[in-house]
Amino acid sequence: MTETTAADASRKAPENPRTRKDRRPRPAPSAGRIHRAWFVAAVAFVTIIGAAAFRSLPGLLMDPLHREFDWSRGTIGFAVSVNLALYGLTAPFAAALMDRFGIRRVVAVALTVIALGSGLAVWMTAAWQLILYWGFLVGLGSGSMALAFAATVTNRWFTERRGLVTGILTAASASGQLIFLPLLSWMVESHGWRPAAVTVALSALAVVPFVWLLLRDHPADVGLAPYGAKEFTPKPPPVQGAASRAVKVLFKAARTGPFWLLAGTFAICGASTNGLIQTHFVPAAHDHGMPITAAASLLAVIGVFDVIGTIFSGWLTDRFDARRLLGAYYALRGISLLFLPMLLAPDVRPPMLFFIVFYGLDWVATVPPTLALCREHYGEDSAIVFGWVLASHQIGAALVAFLGGLARDVFGSYDVVWYASGALCAAAALMAVVIRRGRAAV
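Residues numbered from 1 in each chain as written. Predicted model: local features only at pLDDT ≥ 70, side-chain atom pairs only at ≥ 80, totals over all residues. Heavy atoms only, no water.

Turning to the pattern of salt bridges, a few remarks are in order. Under the counting rule described, the total for this entry stands at seven salt bridges. Note that Arg323 and Asp321 form a salt bridge whose closest N and O atoms lie 2.7 Å from each other. Each member of the pair, Arg323 as well as Asp321, carries the same accessibility label: buried. Put simply, Arg333 and Asp362 hold a salt bridge, and the shortest N to O gap is 2.9 Å. On the criterion of sequence distance, the pair formed by Arg333 in helix 15 (residues 322-343) and Asp362 in helix 16 (residues 350-362) is long-range, its members being 29 residues apart. For Asp362, a relative accessible area of 6% translates into the label buried. (Salt bridge = Lys/Arg side-chain N within 4 Å of Asp/Glu carboxyl O. Buried < 20%, exposed > 50% of the residue type's maximum accessible area, 1.4 Å probe, protein only. Helix = DSSP H or I, 4+ residues; strand = E, 2+ residues; numbered from the N terminus.)

Structure (structure tokens):
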């Protein structure tokens, strides 16, 4: 009698709405419906495109700032290096902040900071202001919009097709370069660098409403399971101590060999892409008599093939050993850099077009396999670990952005930088293939 009464009372007692909501079964989308995860990925794609506008500008500003303010290329390169370093160092803390405050809030604030830094740069008159506005503020904001953002979206909303989605979101950065680079180069040549900086600020601000209205932090917010998951996963509570967690994850990962190999290879990746080609290709081509608009258009073509190469790399990562993919990518990149000094000329010739297509396919094809290896080894902490690996990517980029400009001032050309970067890529290929398999590897 007592048991019956207790059972009846239990059935009649009102449930906590949150508890009932979490336990209610969530039907999977029907075959004719598209899972909400793909819409979230689309919003993230557009967001990264808007934030990528600033990344198109540093290489275009090198010569105009040198002419207007008589700043050395080393000084301008140092400001770019601060930007690139902060882009990476902010990423792991941003990933932890997303666990604490949500993706939407962190990304909206980051875009606003990017717009503020780019807008203030219009009134700068001294080199320290370039370092503060473009180096610190834009670097800080863009670091919160780094690939750790893509990793967080992928990990929360997808259990299948993660490699493909990572490739698509990584390609968004290249798409931003494709969209903005020709326009910004035309602005710099026709109207000066200030309208280009304003365009960057406005493009970042324009994305904020889309993020706030359309982006969601977790599938549970809309009553769904992640794409490919068989069971509904309740939204985890906010994680306290975001900064301390990021540091703890770093110390934990730093005790493992794969972390240092991944960080080392990704540092070389950053040195040979953002630090080298994105920052110094336009001024290097201009040294050989090529117009700035033509050189910028070649970078835009890199963006076209980067989209193709990165998405294809994500598809390959779902099917093949990520370590071997990384080894092949770095080896091919290093070979192409060794030939670049022979290809630079006043006009665009077929061998240069071949280099651009080849380099574009390989540009950030390294991201999907690197993120996959982080997931294999570090599980739930993989987004933060990848943030630290990305920090090494940007430190490598920052060093070459500064040293490349310094080498140009000292030697009068960029040749030594191309050859050194090619050798580094060969080292990265060797490092990639010796990474051991992770716990989640099959």
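Now that the structure is up, let's keep going.
Another point: the packing of helix 5 (residues 73-101) against helix 7 (residues 127-143). Helix 7 packs onto helix 5 with a crossing angle of 25° between their chain directions and a minimal axis gap of 7 Å. Compared by their axis directions, helix 5 and helix 7 come out roughly parallel. Judged by the twist between their axes, the crossing of helix 5 over helix 7 is right-handed. Along the contact surface, helix 5 presents Thr75, Ile76, Phe78, Ala79, Val82, Asn83, Leu86, Tyr87, Thr90, Ala91 and Ala94, while helix 7 presents Ala127, Leu130, Ile131, Trp134, Gly135, Phe136, Val138, Gly139, Leu140, Ser142 and Gly143. (Axes fitted to C-alpha atoms, helices over the stretch in contact; angles between N-to-C directions. Parallel < 35°, antiparallel > 145°, perpendicular 65-115°, else oblique. Left-handed = near helix turned anticlockwise from the far one by under 90°. Contact = heavy atoms within 4.5 Å.)

Of all hydrophobic cores here, the largest spans 121 residues; its most connected members are Leu57, Leu60, Leu65, Phe149, Ile277, Phe281 and Met352. Per-element accounting of this core gives the leading share, 10 residues, to helix 18 (residues 382-411). Counting six residues, the second-largest nonpolar core is a separate cluster that includes Leu84, Ala85, Ala397 and Ala401. (Core = buried A, V, L, I, M, F, W, Y, C linked by side-chain atoms within 4.5 Å.)

What follows deals with the layout of surface pockets. Its volume calculated, the largest pocket comes out at about 850 Å³. When residues of the lining of the largest pocket are traced back to their parent elements, those giving at least two are helix 5, helix 6 (103-120), helix 8 (147-157) and helix 18. With five residues, the single largest contributor to the lining of the largest pocket is helix 5. (1 Å grid on protein atoms, 1.4 Å probe; cavity = no way out; pocket = protein on both sides within 12 Å on 5 of 7 lines; lining within 4 Å. Points joined across faces, edges and corners; volume = space filled by probe spheres on them.)

Attention now moves to unusual backbone geometry. The phi dihedral of Asp70 is positive, around 60°, even though this residue is not glycine. Secondary-structure assignment places Asp70 in the loop between helix 4 (58-69) and helix 5.

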